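Each chain, written out:
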Amino acid sequence: RSLPSPGFDRVHHGHHGAMIEALGRLAKLGYRRPVLLADIGLEERMQRAYTGAFLAHGGGAPSHVLHLDDKDPARLARKLKTLDHDVVIADTEEWVGPIRTLPPAAGGRPFLVLDAQRRHGPISGVHQNLEKIAGCAVDLLMQRRLHHDRGVPEDPVSMLIPGTWVEGETLSPAGARKAVA
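Residues numbered from 1 in each chain as written. Predicted model: local features only at pLDDT ≥ 70, side-chain atom pairs only at ≥ 80, totals over all residues. Heavy atoms only, no water.

Chemist: Run through the side chain of Gln128, naming residues and quoting values.
Modeler: Position of Gln128 relative to the elements: it lies in the loop between strand 6 (125-127) and helix 6 (130-146). Overall, the relative accessible area of 15% leaves Gln128 in the buried class. Within the structure, the side chain of Gln128 is placed 3.3 Å from the side chain of Tyr50, a separation counted as a polar contact. Residues within four places of Gln128 in sequence aside, it is in contact with His13, His15, Tyr50, Leu114, Asp115, Ala116 and Ile133. (Helix = DSSP H or I, 4+ residues; strand = E, 2+ residues; numbered from the N terminus. Buried < 20%, exposed > 50% of the residue type's maximum accessible area, 1.4 Å probe, protein only. Polar contact = N/O pair within 3.5 Å; in protein donor to acceptor, adjacent residues only side chain to side chain. Contact = heavy atoms within 4.5 Å.)

Quick look at the structure:
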């Protein structure tokens, strides 16, 4: 959890960039109607980075952004059933279970996650490179220490670390062609 104050140095995953990359890859695979599933608490803490990038970079209409506060499969099925979509973008792997329980008629579709936990796993999406984030955080701390800085920095540093795409098995060009047809 990130606190807005005091203004310490920070290292973050590039959430906005991850969504842009995901949308670009989906377009290349032939997906045209994504829907974004986002945990409302997480989105608020991230200053709606996923939602902003989804809407600004061709993800779709605001109606295709689902901010939910639980992962209830029945509720998710009701929401997805009302949307014309061919792929689901989930903010976390916590959605994988509920998504996989949905039949195609209830909104089950190919999907990706924006925080794939394994760099070479079966889930398509973006791995957030937590080891690089941790390493950069230590580097920032050591830099402050070497310069004898103490307390809250006058000019805090904020670093964004890009994610790494994970091919996974939850997307495919063949699946995109079927979903669009």
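Chemist: Report on the packing of helix 1 (residues 15-29) against helix 3 (residues 49-56), specifying residues and quantitative values.
Modeler: For the pair helix 1 and helix 3, interaxial distance at closest approach is 8 Å and the crossing angle is 40°. Considering the angle they form, helix 1 stands oblique to helix 3. Like other packed secondary-structure pairs, helix 1 and helix 3 cross with a definite hand, here right-handed. Residues His15, His16, Met19, Ile20 and Leu23 of helix 1 touch helix 3, and the partners they reach there are Ala49, Tyr50, Gly52, Ala53 and Phe54. A class-by-class count of the residues in the contact of helix 1 with helix 3 yields seven nonpolar, three polar and no charged. (Axes fitted to C-alpha atoms, helices over the stretch in contact; angles between N-to-C directions. Parallel < 35°, antiparallel > 145°, perpendicular 65-115°, else oblique. Left-handed = near helix turned anticlockwise from the far one by under 90°. Nonpolar A, V, L, I, M, F, W, Y, C, P; charged D, E, K, R; others polar.)

Chemist: Please provide a residue-by-residue account of the side chain of Asp86, values included.
Modeler: Considering the arrangement of structural elements, one finds Asp86 in the loop between helix 4 (73-81) and strand 4 (87-90). Arg33 provides the closest opposite charge to the buried, salt-bridge-free Asp86, at an N-O distance of 4.1 Å. One polar contact links the side chain of Asp86 to the main-chain amide nitrogen of Arg32, over a distance of 2.8 Å. Side-chain polar atoms of Asp86 contact the backbone nitrogen of Arg33, separated by 2.9 Å. (Lys, Arg positive; Asp, Glu negative; His and termini not counted. Salt bridge = Lys/Arg side-chain N within 4 Å of Asp/Glu carboxyl O.)

Chemist: Quick one: what's the story with the layout of surface pockets, residue by residue and with numbers?
Modeler: Within this model, the second largest pocket holds a volume of roughly 280 Å³. Surrounding the second largest pocket, 15 residues form its lining, Asp9, Ala137, Leu140, Leu141 and Arg144 being those nearest its centre. Top element by residues in the lining of the second largest pocket is helix 6. It accounts for seven residues. Its residues placed into classes, the lining of the second largest pocket shows eight nonpolar, one polar and six charged. (1 Å grid on protein atoms, 1.4 Å probe; cavity = no way out; pocket = protein on both sides within 12 Å on 5 of 7 lines; lining within 4 Å. Points joined across faces, edges and corners; volume = space filled by probe spheres on them.)

Chemist: Explain the packing of aromatic side chains to me, and be specific about the residues and the numbers.
Modeler: The tally for this structure, following the rule as stated, stands at zero aromatic pairs. Lying across the ring of Trp95, Lys71 places its NZ or CZ 4.7 Å from the centre. (Phe/Tyr/Trp six-rings, centres within 6.5 Å; stacked < 30°, edge-to-face > 60°. Lys NZ or Arg CZ within 6 Å of the ring centre and 35° of its normal.)

Chemist: Can you lay out the pattern of salt bridges for me, pointing to particular residues and giving the numbers?
Modeler: Enumeration over the complete set of coordinates arrives at 11 salt bridges. For Arg48, the salt bridge identified is with Glu44, shortest N-O distance 3.9 Å. Linking Asp69 and Arg75 is a salt bridge whose minimum nitrogen-to-oxygen distance equals 3.0 Å. Each of Asp9, Arg144 and Asp149 takes part in salt bridges that share partners, so that together they form one network.

Chemist: Quick rundown of helix 3? Include the residues and the values.
Modeler: Among all positions in helix 3, only Ala49, Tyr50, Thr51, Ala53 and Phe54 are buried. On its buried face, helix 3 sits against strand 1 (10-13), helix 1, strand 2 (34-39), helix 2 (40-45), strand 3 (65-68) and strand 4. Within two residues after helix 3, Gly58 carries a phi angle of roughly 85°, on the positive side.

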